[in-house]
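# Close look at the chain arrangement
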Amino acid sequence: PHAGSTITVVASDPKTEIPKGVHVRFVLKHGSALSLQDLSGLEAEAYACVIILSTAALGYSEEESDAMVLTSASLLMSLRRRSPLPLPNMHLLAAMQDPASMPLLKATCSWGGVVPDTVFANELESGCIVQVLWAPHLQVIYEDFLDVGGGELSLLEAGLFAPPGTRLSFNTLAQLVLER
């Protein structure tokens, strides 16, 4: 999010806590992303970016969670189709559990200026998004790592450079990596 942005959090649990933003404003709206009426009341169809989070952490199965994400996306598309006004393009980011659900999301969002993206809870992108939301100053670091011309992040087995249990300084390890 950009400085000055407003992040609207929709939650059915009245005990939901939202963070205090330094550069962004958080607004909590009680309701459900599975309710056409609630989404319509937020005018969510006109948002430039929508993030639909997974409910798997709440005890739902992976299939149920993905079905809820797809239902929310479908409701948003329904609102966009009904709108009498021209709408801005929307970036819809959905947290899914099963990669097999990704084509369903793309098919659901194939109408009217919506660009769907999917992240999976166990992948790097998910962690980056959460960290940037909580600490916006990290966005610059992730942009450098993840853009085409930016830095590179490599995860390598430590045993490639030194026997297990060997104590190395960062400089020594960096030199070993460069020599390889």
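Heads up: the structure comes first, above all this text.
A few points on the structure. A quick note: this is a predicted structure, and the numbers were derived from the prediction, not measured.

## Comments concerning the environment of Ile 52
- Tracing the backbone through its elements, the reader meets Ile 52 in strand E3 (residues 49-52).
- Each C-alpha atom, one on Ile 52 and one on Val 10, is 9.8 Å from the other, the two residues being 42 residues apart in sequence.
- When neighbours within four sequence positions are excluded, Ile 52 is seen to be in contact with Val 69, Ser 72, Ala 73, Leu 76, Leu 92, Leu 93, Ala 94 and Ala 95.

## Here's the deal with the environment of Ser 35
- Positionally, Ser 35 belongs in the loop between strand E2 (25-30) and helix H1 (36-42).
- Residues Ser 35 and Thr 71, 36 residues apart in the sequence, show an inter-C-alpha distance of 9.3 Å.

## A word on the nonpolar core
- Grouped together as the largest cluster of nonpolar side chains are 20 residues, with contacts concentrated most on Ile 52, Leu 76, Met 77, Leu 92, Leu 105 and Cys 109.
- Broken down by element, this core gets its largest block of residues, 7 residues, from helix H2 (residues 62-82).

## As for a nonpolar patch on the surface
- A grouping of Leu 168, Leu 173 and Val 177 is seen on the molecular surface, where their side chains present a nonpolar patch of about 200 Å² in accessible area.
- Tracing the backbone through its elements, the reader meets Leu 173 in helix H6 (residues 170-179).
- The class for Leu 173 is partly exposed, based on a relative accessible area of 33%.

## Brief notes about the pairing of strand E4 (residues 90-96)
- Most of E4 sits inside the fold, with 6 of its 7 residues counted as buried.
- Strand direction decides the pairing type here: E3 and E4, joined by 4 bridges, are parallel. Note that in E4 the partner of Ile 52 across the bridge is Ala 94.
- Viewed along the sheet, the connection from E3 through H2 into E4 turns out right-handed.
- In this fold, E4 hands off to helix H3 (residues 102-108), which returns the chain to strand E5 (residues 114-120); that crossover is right-handed.

## A few points about a negative patch on the surface
- Taken together, Glu 62, Glu 63, Glu 64 and Asp 98 make up a surface patch of like negative charges.
- Looking at the element boundaries, Glu 64 is found in helix H2.
- Given a relative accessible area of 42%, Glu 64 falls into the partly exposed group.

## Focus on unusual backbone geometry
- For Glu 43, which is not a glycine, the phi torsion comes out positive at approximately 55°.
- Positionally, Glu 43 belongs in the loop between H1 and E3.
- Judged by relative accessible area, Glu 43 falls into the exposed class, the value being 52%.

## Considerations on the side chain of Thr 118
- Following the sequence through the fold, Thr 118 ends up in strand E5.
- On the basis of relative accessible area, Thr 118 is assigned to the buried category, the value being 16%.
- The contacts of Thr 118, once residues within four sequence positions are left out, are Leu 93, Ala 94, Met 96, Met 102 and Leu 105.

## Some details on the environment of Leu 85
- Position of Leu 85 among the secondary structure elements: in the loop between H2 and E4.
- Taking relative accessible area as the criterion, Leu 85 reaches 60% and is therefore assigned exposed.

The rules behind these values
Residues numbered from 1 in each chain as written. Predicted model: local features only at pLDDT ≥ 70, side-chain atom pairs only at ≥ 80, totals over all residues. Heavy atoms only, no water. Helix = DSSP H or I, 4+ residues; strand = E, 2+ residues; numbered from the N terminus. Contact = heavy atoms within 4.5 Å. Core = buried A, V, L, I, M, F, W, Y, C linked by side-chain atoms within 4.5 Å. Buried < 20%, exposed > 50% of the residue type's maximum accessible area, 1.4 Å probe, protein only. Patch = residues over 30% accessible without salt bridge, like charges linked within 9 Å, V, L, I, M, F, W, Y side chains within 5 Å. Areas by Shrake-Rupley, 256 points an atom, 1.4 Å probe, with all protein chains shown as cover. Salt bridge = Lys/Arg side-chain N within 4 Å of Asp/Glu carboxyl O. Pairing = 2+ DSSP bridges. Right-handed = clockwise from strand over helix to strand, strands pointing away. Lys, Arg positive; Asp, Glu negative; His and termini not counted. Charge placed at Lys NZ, Arg CZ, Asp CG, Glu CD.

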